[in-house]
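# Fold and contact review
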Amino acid sequence: MKTTFLMKSDSVDLEQYTIKDIPGSSGRLDVLARSILSALLCEGQFDINSKLIIFLARYGTFKLDPRFLDYSKFPKNEILLSDSLCKLLKSEDIHNIHSNPLNGIKKLDLSFISFIKKLRIKGSPFLFILKESGILFSQMLKEQRLMDEIYLIIGNQSEDFINSEEFLHFNIPEISLGSKSLLASTTIRLLKLKMALLR
Ligand SMILES: C[S@@+](CC[C@H](N)C(=O)[O-])C[C@H]1O[C@@H](n2cnc3c(N)ncnc32)[C@H](O)[C@@H]1O
């Protein structure tokens, strides 16, 4: 099952970024870095069934697809990845960053809402939001026939956008991994484990 995780952040701001205090100086770039590692890495290699798209209010939309990334160069811990992400996001032209280990990331000219609209127009039925209040993932899998491709939206700290009027209007089904509030990176890892059991 090909999985694309969708994450949106309005808080990432790298003006005061320092590697000494990534959470406090970047608007929680660390959350994205941990989530990227969870989504793309799997037992010493890239998980080619998994992609992640980040929608950043200040920097734009970026698609991380392992097919276009070099595993040998890819930063494999949160600090190195945050640092490379910071250099990439602050660069004038991401196509001109050949020395950056994240060379291969694609910049998309789509906002979060327009991306969701595009999925809807494309008629891709398998778009879900991850939320404690949703139906249990295991239950959802019983009701749904297996899917080739699935899009999974992971909320941010305040969960403001997944509770916004504009977003609720899409009426996207919610799935849960239980009543405990998990970190975004843990949510991604747990989902991948559950989906791997289906293969
Ligand atoms: C609330 S944010 C927390 C972000 C946090 N600052 C971090 O470091 O990851 C985590 C997101 O993970 C998902 N999530 C967390 N716990 C969950 C659960 N039990 N079931 C489904 N999704 C969950 C939701 O999308 C939620 O918006």
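We now turn to the structure provided with this report.

### A look at the site of the ligand
- Taken together, 20 residues lie near the ligand, and Leu130, Gln157, Glu159, Lys180 and Ala184 sit nearest.
- Within the backbone of Lys131, a nitrogen or oxygen atom sits 3.4 Å from a nitrogen atom of the ligand.
- Contact between the ligand and Lys180: a nitrogen atom at 2.7 Å from a main-chain N or O atom of the residue.
- When each cavity is represented as a set of grid points, the ligand is found to reside in the largest pocket.
- Every element with two or more residues in the shell around the ligand is listed here: helix H2 (29-40), strand E7 (127-136), strand E9 (174-176) and helix H7 (184-196).
- The greatest single-element share of the shell around the ligand, amounting to 3 residues, is contributed by E7.

### What to know about the nonpolar core
- Residues Leu29, Leu52, Phe62, Phe74 and Leu152 are the most contacted members of the largest nonpolar core, which totals 45 residues.
- At 7 residues, the largest contribution of residues to this core is made by H2.
- Not counting chain neighbours up to four residues away, the residues in contact with Leu52 comprise Phe5, Met7, Ser35, Ile36, Ala39, Leu40, Phe62, Lys63, Leu64 and Ile188.
- Counting 17 residues, the second-largest nonpolar core is a separate cluster that includes Leu6, Leu127, Ile129 and Ile172.

### Points about the packing of aromatic side chains
- One pass over the structure, following the stated rule, counts 9 aromatic pairs.
- Seen in terms of ring centroids, Phe46 and Phe74 are 5.2 Å apart; in terms of plane orientation they differ by 75 degrees. Their pairing is edge-to-face. Highlighted residues: Phe46 in strand E3 (residues 45-46) and Phe74 in the loop between strand E5 (60-64) and helix H3 (78-90), separated in sequence by 28 residues.
- Overall, the relative accessible area of 2% leaves Phe74 in the buried class.
- Grouping aromatic residues by their ring pairs yields a cluster made of Phe55, Phe112, Phe115, Tyr151, Phe161, Phe167 and Phe170.
- For the cation-ring pair, Lys106 lies above Phe68, with the distance from its terminal atom to the ring centre recorded as 4.3 Å.

### Thoughts on the sheet that holds E7
- The mixed open sheet is built from 7 strands, whose spatial order is E6-E5-E4-E1-E8-E7-E9. Each end of this open sheet is capped by a strand with a single partner; those strands are strand E6 (106-108) and E9. Pairs of neighbouring strands in the sheet enclose a mean axial angle of 35 degrees, with direction left out of account.

Cut-offs and rules
- Residue positions are given per chain, counted from 1 along the sequence in the order it is written.
- Side-chain atom pairs in this predicted model are given and counted only at pLDDT of 80 or more, local residue features only at pLDDT of at least 70, and totals for whole chains, interfaces and linings cover all residues.
- To get the side-chain values, all heavy atoms of the structure are used, and hydrogens and water are removed first.
- Residues are labelled near a given molecule or strand when at least one of their non-hydrogen atoms is within 4 Å of it.
- Between N or O atoms, a polar contact is any pair within 3.5 Å; within protein, one atom must be a potential hydrogen donor and the other a potential acceptor, and residues adjacent in sequence are included only when both atoms are from side chains.
- Cavity and pocket criteria rest on a 1 Å grid covering protein atoms alone: a 1.4 Å probe that fits but cannot get out defines a cavity, protein on both sides within 12 Å along at least 5 of 7 lines defines an open pocket, and an atom within 4 Å of a point defines a lining residue.
- To qualify as sitting in a cavity or pocket, a molecule needs more than half of its atoms within 2 Å of the grid points.
- Helix and strand definitions here come from DSSP, where helices need a minimum of 4 consecutive H or I residues and strands a minimum of 2 consecutive E residues; each element is numbered from the N-terminal end.
- We call a set of buried residues a nonpolar core when its members are Ala, Val, Leu, Ile, Met, Phe, Trp, Tyr or Cys and they connect through side-chain atoms within 4.5 Å of each other.
- Residue burial is assigned from relative accessible area. The probe radius is 1.4 Å, only protein chains are included, and a residue is buried under 20% of its type maximum, exposed over 50%, and partly exposed in between.
- Any pair of residues with heavy atoms lying within 4.5 Å of one another is described as a contacting pair.
- Geometry of aromatic contacts follows a simple scheme: Phe, Tyr and Trp rings, the Trp one being its six-membered ring, pair when their centres are within 6.5 Å, and the pair is stacked under 30 degrees between planes, edge-to-face over 60, tilted otherwise.
- Geometrically, a charge over a ring is one whose NZ (Lys) or CZ (Arg) sits within 6 Å of the ring centre while staying within 35 degrees of the ring normal.
- A pair of strands is labelled paired if DSSP reports no fewer than 2 bridges between them.
- Only the stretch in contact is used when a helix axis is fitted, and all axes are lines through C-alpha atoms; the angle between N-to-C directions ranges over 0 to 180 degrees.

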